[in-house]
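Inside the fold
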Amino acid sequence: MSSPPVAPPGWSRWLVPPAALSVHLSIGQAYAWSVFKPPLESALNLDGTQSALPFQLAIVMLGLSAAFGGTLVERNGPRWAMTVALVCFSSGFLISALGAETKQYWLIVLGYGFVGGIGLGIGYISPVSTLIKWFPDRPGMATGIAIMGFGGGALIASPWSAQMLDSFGGDNDGIALAFLVHGLSYAVFMTLGVFLIRVPRTEVPQGTRSAPPSAFEGVQVSARSAVRTPQFWCLWIVLCMNVTAGIGILEKAAPMITDFFADSSTPVSVSAAAGFVALLSAANMAGRIGWSSTSDLIGRKNIYRVYLGVGALMYLLIALFGDSSKPLFVLCALVILSFYGGGFATVPAYLKDLFGTYQVGAIHGRLLTAWSLAGVLGPLIVNWIADHQKDAGKHGSALYTLSFGIMIGLLVVGFVANELVRPVHARHHVPAPREAADVERQQSA
Amino acid sequence: MSNDSSPPDRRRLIAFAWIWVGAPFAYGVYELVQKATQLFNG
């Protein structure tokens, strides 16, 4: 096991966000998996469900490794975590390259899904607590930058992977070569993070407006205690509801906008629908840095009131008037997606406010299980209801009215859960070193 | 007069690190903008 790398005197905290970004921009590639699906299906004779397996397993492993690996990340530090993420994520591609070359699809599932998925989970939480410690005055902005990188990773990988497949060819040799180049390139790219990441010394970081909290300053709660508090579960519900509402639109964006305006005088073309999806990605990414930074000014509870309350209002506007105005539909969807991204990026700072910095990375990892459930729940609600409405003879915006009603209900549940969040009771706090020593002395006396 | 104990200047390292992550990110944003304009043109 390694000890966390402590920053030398004069180390700038502005070296930490690029370290975090080098990891998050890489692992964000996961959301561009769909680029590999059509060539894999034709080269290895797979159907759509089979070709989605590596991605689905990777997301499951992301949640599991973040939840179960969080304590290890806290113990061994961010450099260890980033190294594990680098090795797993890159190895996943290399194993997949072998699988594509030998036409052994199970190797791609194992490599990209299982091994690479561990890299996703450990990589996702690796810089979170370090960033919060370096930016005690702006934790929302700091984690927002990193988590925006996860959204940005797909923006880079999607055109890059597509161009690579065009050059190498869509047969199994071409796919294998593309996987190989991905694995090696991401290994080099992520190395920057491994080299640059440092935990702050105990003195004031250069350029900060306030002193960083030491591991025992203020309210500090261990990960084990945190999961026994109602606050953790309230936040779990908040995150799950917010993500479900966002994924509900994101997952079905292109057919949704087409259906909404199918009967209008200006129906939406396929390329315009693709443009809408791209715009949603931009809103998702902008929300991560924009809303998360705003939370440093107006407070975490207030920003979640906006995400959940205004989010519900936006869904209501789409349900009532969305099919009569394309700009209104697009605007509301963009706001909802910006709240979706903002919800992801703000939650580490919310956890820090409630549980302190002591084991915030591990607590964040456990909270990400809410994402795993939402990832299943959101698409399931929208797709299942739309299919049944279609069977019932409905069409256009009527396919989504019930889904939007459910989304509003879920956001209201999340809003109530956010209102129930209170400061953590003192019995869950980790005692400060001096208090712990006093207790020990009293017990031994 | 220079102080031997002063910490090294990290500005070049900071610039390099931000370009390292900024360049591919800018490429991704450029591709995104190209695609997003289809909503208004398509």
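Residues numbered from 1 in each chain as written. Chains lettered and ligands numbered in written order. Predicted model: local features only at pLDDT ≥ 70, side-chain atom pairs only at ≥ 80, totals over all residues. Heavy atoms only, no water.

Under the annotation held in an unreviewed UniProt entry, chain A carries the name MFS transporter and is attributed to Streptomyces yokosukanensis. In the Subcellular location (unreviewed entry) part of its UniProt record, chain A is described as follows: "Cell membrane". (UniProt positions renumbered as here; feature names shortened; annotations may be inferred.)

1. Observations concerning the overall build of chain A
Regarding its fold elements, chain A presents 18 helices and 0 strands. Radius of gyration (C-alpha) of chain A: 23 Å, near the 22 Å computed for a compact globule of 445 residues. Viewed in the frame of its principal axes, chain A has a C-alpha envelope of about 80 × 50 × 35 Å. Taking all 445 residues of chain A together, the buried fraction comes to 56%. Pairs at least 24 apart in sequence give 84% of the contacts found in chain A among residues at least 6 apart. For chain A, the exposed area adds up to about 17,000 Å²; of that, 65% sits on carbon and sulfur atoms. For chain A, the centre of its 26 positive side-chain charges and the centre of its 22 negative side-chain charges are spaced 11 Å apart. (Helix = DSSP H or I, 4+ residues; strand = E, 2+ residues; numbered from the N terminus. Rg over C-alpha atoms; globule rule 2.2 N^0.38 Å. Buried < 20%, exposed > 50% of the residue type's maximum accessible area, 1.4 Å probe, protein only. Contact = heavy atoms within 4.5 Å. Areas by Shrake-Rupley, 256 points an atom, 1.4 Å probe, with all protein chains shown as cover. Lys, Arg positive; Asp, Glu negative; His and termini not counted. Charge placed at Lys NZ, Arg CZ, Asp CG, Glu CD.)

2. Regarding the overall build of chain B
Counting its regular elements, chain B contains 2 helices and 0 strands. Buried positions account for 19% of the 42 residues belonging to chain B. Roughly 3,300 Å² of accessible area belongs to chain B as shown, and the carbon and sulfur atoms make up 62% of that amount.

3. Points about unusual backbone geometry
Residue and element names in this part refer to chain A. If you check the backbone angles, N45 has positive phi at about 55° while not being a glycine. The residue N45 is located in the loop between helix 2 (37–44) and helix 3 (48–76) in this model. With phi around 60°, K103 is a residue other than glycine that occupies positive phi space. Along the chain, K103 falls in the loop between helix 4 (78–102) and helix 5 (105–125).

4. Thoughts on the interface of chain B and chain A
Each partner contributes residues to the interface: chain B has 22 residues there, and chain A has 37 residues. Taking both partners together, chain B and chain A bury about 2,400 Å²; carbon and sulfur atoms supply 80% of that area. Here chain B is connected to chain A by 0 salt bridges. Counting the contacts that link chain B with chain A gives 4 residue pairs in polar contact (both at pLDDT 80 or more). (Buried area = accessible area lost by both parts, 1.4 Å probe. Salt bridge = Lys/Arg side-chain N within 4 Å of Asp/Glu carboxyl O. Polar contact = N/O pair within 3.5 Å; in protein donor to acceptor, adjacent residues only side chain to side chain.)

5. Some remarks on the packing of helix 3 of chain A against helix 16 (residues 369–391) of chain A
The description of two packed helices rests on the angle between their axes and on the distance between the axes. All names here are of chain A. At a minimum axis separation of 8 Å, helix 3 and helix 16 run at an interaxial angle of 160°. Here helix 3 is positioned roughly antiparallel relative to helix 16, judged by the angle of their axes. Considering the relative orientation of helix 3 and helix 16, their crossing is left-handed. Between helix 3 and helix 16, the contacting residues are I59, L62, G63 and A67 on the first element and T369, W371 and S372 on the second. Its residues assigned to classes, the contact of helix 3 with helix 16 shows 4 nonpolar, 3 polar and no charged. (Axes fitted to C-alpha atoms, helices over the stretch in contact; angles between N-to-C directions. Parallel < 35°, antiparallel > 145°, perpendicular 65-115°, else oblique. Left-handed = near helix turned anticlockwise from the far one by under 90°. Nonpolar A, V, L, I, M, F, W, Y, C, P; charged D, E, K, R; others polar.)

6. Regarding the side chain of N242(A)
Residue and element names in this part refer to chain A. Counting through the fold element by element, N242 comes out in helix 10 (residues 230–250). One polar contact links the side chain of N242 to the main-chain carbonyl oxygen of F339, over a distance of 3.1 Å. Ignoring sequence-local partners within four residues, the contact set of N242 consists of Y307, L308, F339, Y340, G343 and L411.

7. Describing the environment of P431(A)
With respect to the helices and strands, the residue P431(A) is situated in the loop between helix 17 (401–419) and helix 18 (433–444). Look at P431(A) and you get partly exposed, because its relative accessible area is 42%.

8. Focus: helix 11 (residues 253–260) of chain A
Within the span of helix 11 of chain A, buried status applies to A253(A), M256(A), I257(A) and F260(A). Angular distribution of buried residues about the axis of helix 11 of chain A spans 90°; they occupy a single face of the element. (Arc of directions from axis to C-beta.)

9. Quick look at the side chain of S161(A)
Topologically, S161(A) is positioned in helix 7 (residues 139–168). Beyond its immediate sequence surroundings of up to four residues, S161(A) is in contact with V35(A), F36(A) and H182(A).

10. As for the confidence of the model for chain A
For chain A, the average pLDDT comes to 88, and 93% of its residues sit at 70 or higher. The low-confidence segment residues 209–216 of chain A (pLDDT under 50) makes 25 contacts with residues lying over four places distant or belonging to another chain. (pLDDT = per-residue confidence, 0-100.)

11. Considering the packing of aromatic side chains
Both the distance between ring centres and the angle between the ring planes are used here to describe each pair of aromatic rings. Residue and element names in this part refer to chain A. Counted according to the given criterion, the structure contains 34 aromatic pairs over all chains. A centroid spacing of 5.3 Å and a plane angle of 85° characterise the contact between F89 and F93, whose relative ring orientation is edge-to-face. Residue F89 and its partner F93 are both found in helix 4; the two are separated by 4 residues, about one turn of the helix. Neither residue differs from the other here; F89 and F93 are each classed as buried. (Phe/Tyr/Trp six-rings, centres within 6.5 Å; stacked < 30°, edge-to-face > 60°.)

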